[in-house]
Amino acid sequence: MTSSAMNTTYHIDKDYDNNNNNGNNTQSNISPLLPDNLKRFALELEFVQALASPAYLHHLATQGYLQDEAFLNFLKYLRYWTKPEYAKYISYPHCLYFLDLLTNVKCETFRKELVNLSFRDFVHQQQFYNWQYRSRVLYGKGSSSSDATSSNDAATGIISDERDRENDKEVEK
């Protein structure tokens, strides 16, 4: 084997904007490159996933990064993670939603409001409610006892639709 063949590693090509494949759906997005590209892939993946944290978004806003044009251009570059061949590596899908909000010109208010601690808390709360809703829809309520469920509901301030219906039936009687 030659030394170049031994040192070959593969990474996913990030060049989406040029559309060089002319509509071909081949594996042209995987090309042999230097190991540094794998590091870049991992670093960008880690950074994009950090955007799922409202606390981190608040930090970026308070440090002025979300007003910096160069940083906003970097975020626009990272939008390639929304493509299915990259999104499959994402563990925290909220990061893609927040990336869209941060790069969308119409959502400038979102970037400005992230400076406020109360808005950060609001975003975090909404994110939690979304996770809770998806968890209930996808996985059901689980096998916990009704006492554990009611204490959990009271702690989070959420009452399930089913319990509301039961209460309405009791009131009608």
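Everything here concerns the structure above.
Just so it is clear, the structure is predicted and the values come from calculations on it, not from any experiment. (Residues numbered from 1 in each chain as written. Predicted model: local features only at pLDDT ≥ 70, side-chain atom pairs only at ≥ 80, totals over all residues. Heavy atoms only, no water.)

### Quick notes on the overall build of the protein chain
1) Next: A count of helical and extended segments in the protein chain gives 10 helices and two strands.
2) Next: Across the protein chain, helices and strands are ordered from the amino to the carboxyl terminus as α-β-β-α-α-α-α-α-α-α-α-α.
3) Next: Relative to its full complement of 173 residues, the protein chain shows a buried share of 27%.
4) Next: A sequence separation of at least 24 residues applies to 64% of the contacts in the protein chain between residues at least 6 apart.
5) Next: Accessible surface computed for the protein chain: about 12100 Å², of which carbon and sulfur atoms make up 52%. (Helix = DSSP H or I, 4+ residues; strand = E, 2+ residues; numbered from the N terminus. Buried < 20%, exposed > 50% of the residue type's maximum accessible area, 1.4 Å probe, protein only. Contact = heavy atoms within 4.5 Å. Areas by Shrake-Rupley, 256 points an atom, 1.4 Å probe, with all protein chains shown as cover.)

### Let's talk about the packing of aromatic side chains
1) Next: On inspection of all chains with the given rule, the structure shows 17 aromatic pairs.
2) Next: Note on Y65 and F71: the rings are 5.5 Å apart at their centroids and 50 degrees apart in plane angle, and the pair reads as tilted.
3) Next: For Y65, a relative accessible area of 39% translates into the label partly exposed.
4) Next: Taken together, a centroid distance of 5.7 Å and an interplanar angle of 65 degrees make the contact between W81 and Y86 edge-to-face. Each member of the pair, W81 as well as Y86, carries the same accessibility label: buried. (Phe/Tyr/Trp six-rings, centres within 6.5 Å; stacked < 30°, edge-to-face > 60°.)

### A short note on the pattern of salt bridges
1) Next: One pass over the structure, following the stated rule, counts four salt bridges.
2) Next: The partner of D100 in a salt bridge is R79, with the nearest N and O atoms 2.6 Å apart. With a gap of 21 residues between them, D100 in helix α6 (residues 94-103) and R79 in the loop between α4 (69-77) and α5 (84-87) connect regions that are remote in the sequence.
3) Next: Overall, D100 belongs to the partly exposed group, its relative accessible area being 29%.
4) Next: On the basis of relative accessibility, which here comes to 32%, the residue R79 falls in the partly exposed class. (Salt bridge = Lys/Arg side-chain N within 4 Å of Asp/Glu carboxyl O.)

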